Amino acid sequence: MKQEYFLGLDLSTQGITALVISLSGGATHTFSISFDDAYPAYHTKGGVLIGETPTEVLADPRMWAQALDDILILLKDKRLTASIRALGVSAQQHGTVYLNRAFEERLKGLDSALPYDRQIQHVFSRDLSPVWMDSSTQEECHEITHAMGGHKEVVRLTGSIATERFAGPQIRKFWKRHPEKYEKTVHVSLVSSFLTSLLIGRLAPVDAGDGFGTNMADIRSGNWSANALAAAAPGLRNRLPRLLVKEGLVGRVSTYVVQRFGFRPDTVVVIGSGDNPCSLVGLGLMQVPGIHAISLGTSDTYFGYMKELEEIERLEGHIFGAADGRFMFLVCFKNGSLAREAVKNGYGLSWNDFSRILLETAPGNQGRMMLPYFLPEVTPLIMKPGIRRFGGLTAEEVRGNVRAVAEAQAMAMYLHSGWTGPRPQSILVTAGGSENRGILTVISQVFGVEVRSFEVKESAALGAAIRAAHAFLNAQGKSVEWSDLFESLVRPNVKEIIQPSTEAVEIYQAPNGLLSLYQACERFASFFS
Ligand code: XUL
């Protein structure tokens, strides 16, 4: 029988990845394009542009469309597209794409001899999309919080406090500053639904994995919340795509996609989602409580599956939807690989050196610590960036600073994930940083649990491909469980297992250990931020 393939596309901050799986062979092909390298005309740095103020961070959606075109042409040239039965999109979360009246008409009339980006130049009512790194909407967050009756109410209803990078505050800012352009905006799409729209040739719905990270949805009912929408901007309801709480197919690929990239006309597309909800699937954690995940990418995220919503008082972290209609929790740290890279490059080190230093140096760094806010931070909320060193650590000490940045990041994750429930029995680590044995070791020492990493580091793209396979097989009446797919596609992929030593864990977790010291330093920094 001819092999059946499934495709996951992940549009991250810095590039696009295509990952192909077969049910028997796991991940068979992976291709990536880096935005900075491939599209110099867009002048991005790390995939993004800085706006009028340093807190405004944006990207051109035309560049994303070009990247989608280029990666699908690459797959076609490798003769892969004709065997793909279903595909799905994963994308950086929270970014918004502002579309005018021409959008859907244009998608219907695309000429397959030409790439997307040449034909969709004029479908945007806003040229640049704000992305998740944007933190310019503090004022709008205050206004939304006030209109909705305070932080607690916003968290209870939408799963998060009003958050600078989320769509609700971002749309509000756009409406306030450019009411005439907002008037011309017929649809506001998220990055995942925008790319999915390009594949199916019409406006695609938003899934709860991405849609709950907007401050606009009622996470209990699974609908856009009238109160939250009213607090964000007028006339928003009609501008948003449908919100779907459960994973499912949203249609077939468009004629343009068939003709231009060589897909079969019956290739189906699963609803697109955010990179973190897709990673939950790509790590095999759907319906698996008790094992948590850390993604070490441009941002670091700490997340896990949640079957029921807990009524807990908290102001940090987020609740998003999971593909089975349940939930996931997530805590995001903006100073992820950017902070690690700044330290590595600052001392002229390679990643191997970085890892070796972490493996050679003693847990606890002799009480020396760093608060690594190279950029404004979202957890804890630090608006004024800056590196602060404590315990006699000086900028000159290479090994001390390497250890300090890795310990700081792991300790921040530990301290800000306590609200999510019982501590995990083990942690899975993914994305670029998961190759670094030193970083994995520090995480296992701070949390005191086993840490695993995988051969396939592109867990978001893998998750998108697994979601496509799951939706496709179930639509064929095969009632496939998530656990069946994880058994054959994720588990064989384990690369490394690291166990912490009891003495190391003590250094962090003892009553007056480093975790409590770090917490005090963080509070000090937050107070003065
Ligand atoms: C999560 C978040 C980031 C982006 C990065 O809330 O902002 O992880 O999804 O792609």
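Here the structure is shown first, and the text comes after it.
Source: prediction; values computed, not measured.

Novice: Break down the overall build of the protein for me, with residues and values.
Specialist: Helix and strand counts for the protein stand at 21 helices and 25 strands. Relative to a compact globule of 529 residues, whose C-alpha radius of gyration would be 24 Å, the protein shows 22 Å and is just as compact. With respect to the principal axes defined by its C-alpha atoms, the protein has extents near 65 × 55 × 45 Å. Counting across all 529 residues of the protein, residues that qualify as buried make up 61%.

Novice: So what's going on with the packing of aromatic side chains? Which residues, and what values?
Specialist: Inspection of every chain in the model, using the stated rule, returns 15 aromatic pairs. Taken together, a centroid distance of 5.2 Å and an interplanar angle of 75° make the contact between Trp351 and Phe354 edge-to-face. Residue Trp351 and its partner Phe354 are located together in helix H15 (residues 351-360), separated by 3 residues, close to a single helical turn. Joined through ring pairs, the aromatic side chains of Tyr302, Phe329, Tyr414, Trp419 and Phe447 make up one cluster.

Novice: Break down the side chain of Ser135 for me, citing the residues and quoting the values.
Specialist: Inspection of the secondary structure puts Ser135 in the loop between strand S8 (129-130) and helix H5 (138-148). The class of Ser135 is buried, set by a relative accessible area of 8%.

Novice: I'd like a rundown of the packing of helix H17 (residues 437-447) against helix H20 (residues 502-509), residues and numbers included.
Specialist: Relative placement of two packed helices is described by the angle separating their axes and the distance separating the axes. In contact at an axis separation of 7 Å, H17 and H20 are set at 65° when each is read in the N-to-C sense. It follows from the interaxial angle that H17 and H20 lie roughly perpendicular. Residues Ser444, Gln445, Val446 and Phe447 of H17 pack against Ala504, Val505, Tyr508 and Gln509 of H20. Of the residues contributing to the contact of H17 with H20, the split by class is 5 nonpolar, 3 polar and no charged.

Novice: Let's hear about the sheet that holds S8: which residues, and what values?
Specialist: Overall, antiparallel pairing links the 3 strands, which are arranged S4-S5-S8 in an open sheet. A single partner strand is all that each edge strand has here, and the edge strands are strand S4 (49-50) and S8. As defined by bridge partners, S4 adjoins strand S5 (residues 57-59) across 2 bridges and the pair is classed as antiparallel. Bridge pairing links Ile50 to Val57 in S5.

Novice: I'd like a rundown of empty space enclosed by the protein, residues and numbers included.
Specialist: Within the structure shown, the criterion is met by 4 cavities of 30 Å³ or more. Of the volumes computed, that of the largest cavity is approximately 100 Å³. Looking at the largest cavity, it is lined by 14 residues, and the ones nearest its centre are Phe333, Pro372, Glu377, Gln409 and Ala412. Put simply, the parts of the chain that give the lining of the largest cavity at least two residues each are strand S21 (369-373), helix H16 (398-415) and helix H21 (514-528). Per-element accounting of the lining of the largest cavity gives the leading share, 4 residues, to H16. Partitioning the lining of the largest cavity into residue classes produces 8 nonpolar, 3 polar and 3 charged. In this model, the second largest cavity occupies a volume close to 50 Å³. Residues of the lining of the second largest cavity, tallied by class, amount to 4 nonpolar, 2 polar and 3 charged.

Novice: Go over the site of the ligand, please, and point to the residues and values.
Specialist: Surveying the vicinity of the ligand reveals the residues Gln92, Gln93, His94, Trp132, Arg165, Asp275, Asn276, Ser299, Thr301, Leu330 and Cys332. His94 is positioned such that a nitrogen or oxygen atom in its side chain is 2.6 Å from an oxygen atom of the ligand. Note that an oxygen atom of the ligand is positioned 2.8 Å from one of the side-chain N or O atoms of Arg165. Taking 290 Å² as the accessible area of the ligand by itself, protein coverage stands at 97%. Because more than half of its atoms lie within 2 Å of the grid, the ligand is assigned to the largest pocket. Contributing elements (two or more residues each) for the shell around the ligand: helix H13 (275-282) and strand S20 (327-333).

Reading guide: rules and limits
- Residues numbered from 1 in each chain as written.
- Predicted model: local features only at pLDDT ≥ 70, side-chain atom pairs only at ≥ 80, totals over all residues.
- Heavy atoms only, no water.
- Helix = DSSP H or I, 4+ residues; strand = E, 2+ residues; numbered from the N terminus.
- Rg over C-alpha atoms; globule rule 2.2 N^0.38 Å.
- Buried < 20%, exposed > 50% of the residue type's maximum accessible area, 1.4 Å probe, protein only.
- Phe/Tyr/Trp six-rings, centres within 6.5 Å; stacked < 30°, edge-to-face > 60°.
- Axes fitted to C-alpha atoms, helices over the stretch in contact; angles between N-to-C directions.
- Parallel < 35°, antiparallel > 145°, perpendicular 65-115°, else oblique.
- Contact = heavy atoms within 4.5 Å.
- Nonpolar A, V, L, I, M, F, W, Y, C, P; charged D, E, K, R; others polar.
- Pairing = 2+ DSSP bridges.
- 1 Å grid on protein atoms, 1.4 Å probe; cavity = no way out; pocket = protein on both sides within 12 Å on 5 of 7 lines; lining within 4 Å.
- Points joined across faces, edges and corners; volume = space filled by probe spheres on them.
- Near = heavy atom within 4 Å.
- Polar contact = N/O pair within 3.5 Å; in protein donor to acceptor, adjacent residues only side chain to side chain.
- Areas by Shrake-Rupley, 256 points an atom, 1.4 Å probe, with all protein chains shown as cover.
- Sits in = over half its atoms within 2 Å of the grid points.

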